[in-house]
Amino acid sequence: MTDADLGAALPLPVPSAEMQDRLARRRSAPAQSLAAPGPTPAEVERILLLGARTPDHGKLFPWRFVVMGPQSRADLALALAPLAARQPDPGKAGKTLAKLTAPPLTILVLSTPVPDHKVPVWEQQLSAGAVCMNLEHAANALGYAASWITDWYSYDPEALALFDVRPAERVAGFIHIGTLAEPPLERPRPDVAALTSWRD
Ligand SMILES: Cc1cc2nc3c(=O)[nH]c(=O)nc-3n(C[C@H](O)[C@H](O)[C@H](O)COP(=O)(O)O)c2cc1C
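Residues numbered from 1 in each chain as written. Predicted model: local features only at pLDDT ≥ 70, side-chain atom pairs only at ≥ 80, totals over all residues. Heavy atoms only, no water.

The protein chain has the name Putative NAD(P)H nitroreductase in an unreviewed UniProt entry, where Brevundimonas denitrificans is given as its organism. Listed in UniProt under the heading Cofactor (unreviewed entry), the comment for the protein chain reads: "FMN". (UniProt positions renumbered as here; feature names shortened; annotations may be inferred.)

Enquirer: Even after reading the chapter, I still don't get the site of the ligand, so can you show me in this structure?
Expert: Every residue close to the ligand is listed here: Arg26, Arg27, Ser28, Lys99, Trp148, Ile149, Thr150, Asp151, Arg187 and Arg189. Interatomic distance of 2.9 Å between a side-chain N/O atom of Lys99 and an oxygen atom of the ligand. Note that an oxygen atom of the ligand is positioned 2.8 Å from one of the side-chain N or O atoms of Arg187. Protein burial of the ligand: of its 630 Å² of free accessible surface, 61% is covered by the chains. (Near = heavy atom within 4 Å. Polar contact = N/O pair within 3.5 Å; in protein donor to acceptor, adjacent residues only side chain to side chain. Areas by Shrake-Rupley, 256 points an atom, 1.4 Å probe, with all protein chains shown as cover.)

Enquirer: Explanation requested: the packing of aromatic side chains in the structure shown.
Expert: Two aromatic rings are characterised by how far apart their centres lie and by the angle between their planes. Summed over the entire model, instances satisfying the criterion amount to 6 aromatic pairs. On the numbers, 6.0 Å between centres and 35° between planes, the contact of Trp63 with Phe65 is tilted. Centroid distance Tyr153 to Phe174: 5.4 Å. Interplanar angle 80°. Geometry classified as edge-to-face. Taken together, the residues Tyr153 in the loop between strand 3 (145-149) and helix 7 (157-162) and Phe174 in strand 4 (residues 170-178) connect sequence positions 21 residues apart. You'll find Tyr153 and Phe174 in the same group, each marked buried. These aromatic residues form a ring-pair network of at least three members: Trp152, Tyr153, Phe163 and Phe174. (Phe/Tyr/Trp six-rings, centres within 6.5 Å; stacked < 30°, edge-to-face > 60°. Helix = DSSP H or I, 4+ residues; strand = E, 2+ residues; numbered from the N terminus. Buried < 20%, exposed > 50% of the residue type's maximum accessible area, 1.4 Å probe, protein only.)

Enquirer: Quick question: what am I supposed to make of the pattern of salt bridges here?
Expert: A side chain of one charge can pair with a side chain of the opposite charge when the charged atoms of the two come close. Applying the stated rule across the entire model yields 8 salt bridges. Residue Asp3 is joined to Arg46 by a salt bridge in which the shortest nitrogen-to-oxygen separation is 2.8 Å. Within this pair, whereas Asp3 is found in the segment before helix 1 (17-25), its partner Arg46 is found in helix 2 (residues 41-51), the two being separated by 43 residues in sequence. On the basis of relative accessibility, which here comes to 56%, the residue Asp3 falls in the exposed class. A salt bridge links Glu136 to Arg26; the nearest nitrogen and oxygen atoms lie 3.7 Å apart. Linking Glu136 in helix 6 (residues 121-141) with Arg26 in the loop between helix 1 and helix 2, this pair joins segments that are 110 residues apart in sequence. For Glu136, a relative accessible area of 2% puts it in the buried group. Among the ionic contacts, a cluster of salt bridges with common partners joins Arg64, Arg166 and Glu169. (Salt bridge = Lys/Arg side-chain N within 4 Å of Asp/Glu carboxyl O.)

Enquirer: I tried to follow the side chain of Ser147 on my own but got confused; where do I start?
Expert: Positionally, Ser147 belongs in strand 3. With a relative accessible area of 3%, Ser147 lands in the buried category. At 3.4 Å, the side chain of Ser147 forms a polar contact with the backbone oxygen of Ala29.

Enquirer: Please clarify how the environment of Leu110 should be interpreted in this entry.
Expert: Mapped onto the fold, Leu110 is located in strand 2 (residues 105-111). Between the C-alpha atoms of Leu110 and Val66, which are 44 residues apart in sequence, the distance is 8.1 Å. Ignoring any residue separated from it by four or fewer positions in sequence, one finds Leu110 in contact with Pro62, Trp63, Arg64, Val66, Val165, Glu169, Arg170, Val171 and Ala172. (Contact = heavy atoms within 4.5 Å.)

Enquirer: Would you explain the pairing of strand 2 in this entry?
Expert: The two faces of the sheet receive side chains in turn, since in a regular strand these alternate between them. In terms of burial, strand 2 is a largely internal element, 7 of the 7 residues being buried. A two-sided burial pattern is seen for strand 2, the buried positions comprising Leu105, Ile107, Val109 and Ser111 on one face and Thr106, Leu108 and Leu110 on the other. Pairing of strand 1 (residues 63-68) with strand 2, which is carried by 6 bridges, proceeds in the antiparallel orientation. When the sheet's bridge partners are listed, Trp63 is paired in strand 2 with Ser111. As paired strands, strand 2 and strand 4 are joined by 7 bridges and run antiparallel to one another. Across the sheet, residue Leu110 finds its bridge partner in strand 4, namely Val171. (Pairing = 2+ DSSP bridges.)

As structure tokens, then:
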């Protein structure tokens, strides 16, 4: 299922006020506020297809996805609870599990870099991050809110084993997708001019 055949001429960019407006006001959702409806299986496939249309140096596609419905995440939250109790702030670590279980659908994005390749691992990992952002855009384009988070279980070796993350892989993000009852509120945005230098 692709929208363009290999070698096909693709459209050149054209100005789009609608796309600019969407980008200018896009906002992640608080994961714990994401509720039903979530995307249907066909919509998830579409979101994955659009999300995976992402730059990656060397066409290595150094990432993979795990689509997680509510049951697997509920089971995982139970298994993670004892590990939360061992975190530096057990109360907070336990509470963050609500972010894992509340959303109707989650796509776990794993960075799967090819080792000892001429494309540096850093660049392969950057591509996984780009996929995460693109998945958010794709979910938004289908009318859903989304949240990209990691949380402590993305870094705890025992937790990673529960998610079947392989030793050479890293969590790029949990992309939670669903519907918000209330509009999200704007947050501080960077002073882009202060972060930018210009050169002739
Ligand atoms: C790589 C990455 C990891 C994140 N991990 C967490 C997290 O562990 N917990 C959390 O509450 N938010 C996490 N966030 C989300 C941010 O805190 C915040 O919601 C997001 O940057 C909002 O961006 P936006 O307003 O531009 O959509 C993460 C974001 C990124 C990019």
